[in-house]
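Geometric and topological summary
One-letter residues, chain by chain:
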Amino acid sequence: CDEYQAVLDAGSGDIARLLTLVADTTVREVEKVLDRPGSDPNQIVVVYGGALHNDIAPPPERAAWSFGPRFEERTGGRYVELDLIVPEFIKDTEVWRALPWYSHYDAARDGASAVLFRPLPRSFVLIFPRTPAATAPPAAAP
């Protein structure tokens with residue numbers, strides 16, 4: 001499609017353009033559901049878009065990449081942001097440390113259970129329990 005070709009043609013700006021495309025495409029597709037004739041204005045719509053695209057209040061430099069503010073406005077304040085986090089992906093990096101819940105999560109203490117944080121009203125972070133180490137099946141006899 002033309003939108004994807006624009007991402008390919010963007011050169012070094014392709015990541016930003018791709019992130020914007022994901023947010024814009026999500027909004028367009030969800031609005032089709034919300035605008036269907038006879039649709040219930042109180043229906044629940046669940047959209048998976050990752051921890052970046054769903055921010056209700058993204059920082060200005062990432063606002064174009066988020067569908068959160070648009071759905072917040074469209075739903076009259078009934079939008080809920082939920083980030084789903086796999087604990088094995090959490091690292092001690094600047095990006096992770098910048099998240100408001102990071103300093104409150106202790107993998108050694110919390111890792112065996114699911115943990116739910118609420119950094120802002122209508123904003124939640126669910127960290128799944130650590131995945132148990134896989135065990136290899138017994139070797140087949142020759």
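The shown structure was predicted, so the numbers you read here are calculated from the model rather than taken from an experiment.

Conventions used here
Residues numbered from 1 in each chain as written. Predicted model: local features only at pLDDT ≥ 70, side-chain atom pairs only at ≥ 80, totals over all residues. Heavy atoms only, no water. Pairing = 2+ DSSP bridges. Helix = DSSP H or I, 4+ residues; strand = E, 2+ residues; numbered from the N terminus. Axes fitted to C-alpha atoms, helices over the stretch in contact; angles between N-to-C directions. Core = buried A, V, L, I, M, F, W, Y, C linked by side-chain atoms within 4.5 Å. Buried < 20%, exposed > 50% of the residue type's maximum accessible area, 1.4 Å probe, protein only. Contact = heavy atoms within 4.5 Å. Patch = residues over 30% accessible without salt bridge, like charges linked within 9 Å, V, L, I, M, F, W, Y side chains within 5 Å. Areas by Shrake-Rupley, 256 points an atom, 1.4 Å probe, with all protein chains shown as cover. Salt bridge = Lys/Arg side-chain N within 4 Å of Asp/Glu carboxyl O.

Some remarks on the sheet that holds strand E1 (residues 81-85)
With respect to topology, 3 strands assemble into an open sheet ordered E1-E3-E2, the strand pairing being mixed. Strand pairing shows two members of the sheet lacking a second neighbour, E1 and strand E2 (115-120), which therefore form its edges. Averaged over all pairs of adjacent strands, the angle between their axes in this sheet comes to 20°, without regard to strand direction. Across 5 bridges, E1 lies against strand E3 (residues 123-127) in parallel orientation.

Looking at the pairing of E2
Note: E2 against E3, 4 bridges, orientation antiparallel. Across the sheet, Val115 pairs through a bridge with Ile127, a residue of E3. Hairpin connection between E2 and E3: a loop of 2 residues separates the two successive antiparallel strands, and Arg122 in this loop has a positive phi of roughly 60°.

Side note on the nonpolar core
Core analysis: the largest hydrophobic core is formed by 10 residues, namely Ile85, Ile90, Trp96, Trp101, Tyr102, Tyr105, Val115, Phe117, Val125 and Ile127. Listed by contribution, the elements that provide at least two residues to this core are E2 and E3. Val27, Ile56, Phe67 and Phe71 belong to the second largest nonpolar core, which has 6 residues in total.

Focus on the side chain of Asp55
Along the polypeptide, Asp55 turns up in the loop between helix H3 (50-53) and helix H4 (68-74). Using a relative accessible area of 11% as the deciding quantity, one classes Asp55 as buried. Ignoring sequence-local partners within four residues, the contact set of Asp55 consists of Arg62, Ser66, Gly68, Pro69 and Glu81.

Some remarks on the side chain of Glu72
With respect to the secondary-structure elements, Glu72 resides in helix H4. By relative accessible area, Glu72 is classed as buried at 18%. Among residues more than four places away in sequence, those in contact with Glu72 are Ile56, Gly77, Tyr79 and Arg122.

Observations concerning a nonpolar patch on the surface
On the surface, a nonpolar cluster with roughly 700 Å² of combined accessible area is contributed by Tyr48, Leu82, Leu84, Val86, Phe89, Leu116 and Phe128. Mapped onto the elements of the fold, Val86 is located in the loop between E1 and helix H5 (94-97).

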